[in-house]
Amino acid sequence: MKLKLTTDKVLITGIVLLLLSTVTIMVVSISESRQVNDTAKLVAHTQEVLIHSGKLLSFTVDNESGLRGYLLTGQKVFLESLLKSQKEIHHQVAQLKMLTGDNPVQQACIDSLAFYINKRIAFSNHTIAVRELNGAEAAKAIVNTGEGRVYTNRLRQIINKMQSAENILLVQHKEANETKIVTLNRILMSVIVCVLILLGILIQKLRTDFSVKKKATALAKLNAGLE
């Protein structure tokens with residue numbers, strides 16, 4: 001009876017420890033997975049900022065190209081492209097403003113972007129108006145002053161600065177994400193190893209108890225036979 005109680009206690013203890021280990025695995029997995037997910041979101045967020053800033057620069061160049069095309073040819077297709085680029089520029093600025101709401105440095109850059117964007121668009125619109133009123137040569141003279149190019153170059157510099165900062169953040173977020181994944185894997189591996197060791201000890205204990213019980217039974221039968 002004493003042997004049976006000992007075995008039962010071992011089984012109960014083993015089951016409890018296995019349950020605790022399972023719960024630990026679940027809790028740790030959920031916690032670490034959330035952290036991995038959070039850093040993955042930061043990576044995606046930074047990549048989104050880079051994408052929108054790249055689009056902003058592209059539409060700014062389109063605005064400049066559309067102006068030159070319209071001044072040279074007078075074709076409405078270039079004017080339509082220019083007006084479309086202006087709408088897209090404002091849209092991209094709004095997206096960047098929202099995405100970098102928690103970054104004061106980038107917000108300051110966007111304020112500078114907005115200033116030079118307004119200058120760039122105002123220059124394009126003014127040049128178009130001059131062409132319609134005074135002809136292509138008068139408009140070309142305005143373009144040749146290089147004012148529009150100054151605005152575009154300044155916008156390119158600010159966007160490059162923003163992208164450099166975001167690339168640094170991207171590297172940091174990726175490294176943090178990789179570290180979290182490695183940590184999660186190590187924790188899970190450690191817990192799994194502990195569970196396997198616990199199972200090994202439990203099985204060995206049961207085998208030992210069974211062997212002792214078997215020998216005790218055999219000895220009891222032998223004694224009964226001798227009596």
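Scroll up to find the structure this text is about.
The notes below deal with the structure included here. (Residues numbered from 1 in each chain as written. Predicted model: local features only at pLDDT ≥ 70, side-chain atom pairs only at ≥ 80, totals over all residues. Heavy atoms only, no water.)

### Structural notes on the overall build of the protein chain
Operational definition: Going along the chain from the N terminus, every DSSP run of H or I of four or more residues is numbered as a helix, and every run of E of two or more is numbered as a strand. Categorising residues by exposure relies on relative accessible area from a 1.4 Å probe, with only protein chains included: less than 20% of the type maximum marks a residue as buried, more than 50% marks it as exposed, and the intermediate range marks it as partly exposed. Contacts were defined at the residue level, with two residues in contact if any of their heavy atoms lie within 4.5 Å. Using the Shrake-Rupley algorithm and a 1.4 Å probe, accessible areas are obtained, with residue cover drawn only from the displayed protein chains.
The secondary structure content of the protein chain amounts to five helices and zero strands. The buried share among the 227 residues of the protein chain stands at 31%. Taking contacts inside the protein chain between residues at least 6 apart in sequence as the whole, the part at least 24 apart equals 83%. Here the protein chain has roughly 14100 Å² of accessible surface; of this, 64% comes from carbon and sulfur atoms.

### So, helix 2 (residues 76–99)
As a reminder of what qualifies: For a helix, the expected span equals 1.5 Å multiplied by the residue count minus one.
Compared with an ideal rise of 1.5 Å per residue, which puts 24 residues at 34 Å, helix 2 spans 35 Å between its outermost C-alpha atoms and is within 8% of the ideal. Among the residues making up helix 2, those that are buried are Leu 79, Leu 82, Ser 85, Gln 86, Ile 89, Gln 92, Val 93, Leu 96 and Leu 99.

### Section: empty space enclosed by the protein
Rule in force here: Here the term cavity refers to a set of points on a 1 Å grid, laid over the protein atoms alone, in which a 1.4 Å probe fits but cannot get out; the term pocket refers to an open set having protein on both sides within 12 Å along at least five of seven lines, with lining residues being those that place an atom within 4 Å of a point. Grid points are joined across faces, edges and corners, and a volume is the space filled by probe spheres set on the points. Gly is put with the polar residues, along with every residue not named as nonpolar or charged; the nonpolar set is Ala, Val, Leu, Ile, Met, Phe, Trp, Tyr, Cys and Pro, and the charged set is Asp, Glu, Lys and Arg.
Enumeration over the complete set of coordinates arrives at one cavity of 30 Å³ or more. What the largest cavity holds in volume is close to 60 Å³. Around the largest cavity, the lining residues are Glu 64, Leu 67, Arg 68, Arg 120, Phe 123, Val 143, Gly 148 and Arg 149. The set of elements that each furnish at least two residues to the lining of the largest cavity consists of helix 1 (2–73), helix 3 (104–134) and helix 5 (147–226). The dominant element in the lining of the largest cavity, judged by the number of residues it contributes, is helix 1, at three residues. When its residues are assigned to classes, the lining of the largest cavity shows three nonpolar, one polar and four charged.

### Some details on the packing of aromatic side chains
The condition that has to hold: Each pair of aromatic rings taken from Phe, Tyr and Trp, with Trp reduced to its six-membered ring, is defined by centres within 6.5 Å and is described as stacked if the planes are under 30 degrees apart, edge-to-face if over 60, and tilted in the remaining cases. Charge over a ring is defined by NZ of Lys or CZ of Arg lying within 6 Å of the ring centre and within 35 degrees of the ring normal.
In this structure the tally under the stated criterion is one aromatic pair. Taken together, a centroid distance of 5.0 Å and an interplanar angle of 85° make the contact between Phe 115 and Tyr 116 edge-to-face. Relative accessible area serves as the criterion here: at 45%, Phe 115 is assigned to the partly exposed category. The lysine or arginine in question, Arg 131, covers the ring of Tyr 70, its NZ or CZ lying 5.3 Å from the ring centre.

### Comments concerning the pattern of salt bridges
Heads up, the condition is: In what follows, salt bridge is the name for a side-chain nitrogen of Lys or Arg lying within 4 Å of a carboxyl oxygen of Asp or Glu.
On inspection of all chains with the given rule, the structure shows four salt bridges. Among the ionic pairs, Glu 64 bridges to Arg 120, the shortest N-O distance being 3.7 Å. Here the residue Glu 64 occupies a position in helix 1, and Arg 120 occupies one in helix 3, the gap between them amounting to 56 residues. A relative accessible area of 1% means that Arg 120 is categorised as buried. Glu 137 is the salt-bridge partner of Lys 140, the closest N and O atoms lying 3.9 Å from each other. Of this pair, Lys 140 and Glu 137 both sit in helix 4 (residues 136–143), separated by three residues, roughly a single helical turn. Through salt bridges with shared partners, a single ionic network connects Glu 64, Arg 120 and Arg 149.

### So, the packing of helix 2 against helix 3
Definition in use: Note on geometry: axes are lines fitted to C-alpha atoms, helical ones only across the stretch in contact, with angles between N-to-C directions running from 0 to 180 degrees. Orientation is classified from the angle alone, with under 35 degrees giving roughly parallel, over 145 giving roughly antiparallel, 65 to 115 giving roughly perpendicular, and any other angle giving oblique. With the far helix as reference, a near helix turned anticlockwise by less than a right angle produces a left-handed crossing, and one turned clockwise produces a right-handed crossing.
Two elements in contact, helix 2 and helix 3, have axes whose closest approach is 11 Å; the angle formed by their N-to-C orientations is 165°. Considered as vectors, helix 2 and helix 3 are oriented roughly antiparallel to each other. Along this stretch, helix 2 crosses helix 3, giving a crossing that reads as left-handed. Every residue of helix 3 that contacts helix 2 at Leu 79, Leu 82, Gln 86, Ile 89, His 90, Val 93, Leu 96 and Lys 97 is listed here: Gln 107, Ile 110, Asp 111, Ile 117, Asn 118, Ile 121, Ser 124, Asn 125 and Ile 128. Looking at the contact of helix 2 with helix 3 residue by residue, the classes come out as nine nonpolar, six polar and two charged.

### Describing the packing of helix 3 against helix 4
One can describe the packing of helix 3 onto helix 4 by two numbers: an axis separation of 7 Å at closest approach and a directional angle of 155°. When the axes of helix 3 and helix 4 are compared, the pair comes out roughly antiparallel. For the pair helix 3 and helix 4, the sense of crossing is right-handed. Residues Phe 123, His 126, Thr 127, Val 130, Arg 131 and Asn 134 of helix 3 form the contact with helix 4, whose participating residues are Ala 136, Ala 138, Ala 139, Ile 142 and Val 143.

### A few points about the side chain of Ser 53
With respect to the helices, strands and loops of the structure, Ser 53 is situated in helix 1. Exposure remark for Ser 53: the relative accessible area of 2% places this residue in the buried category. Those residues in contact with Ser 53 that lie beyond four places of it in its chain are Leu 96, Ile 159 and Gln 163.

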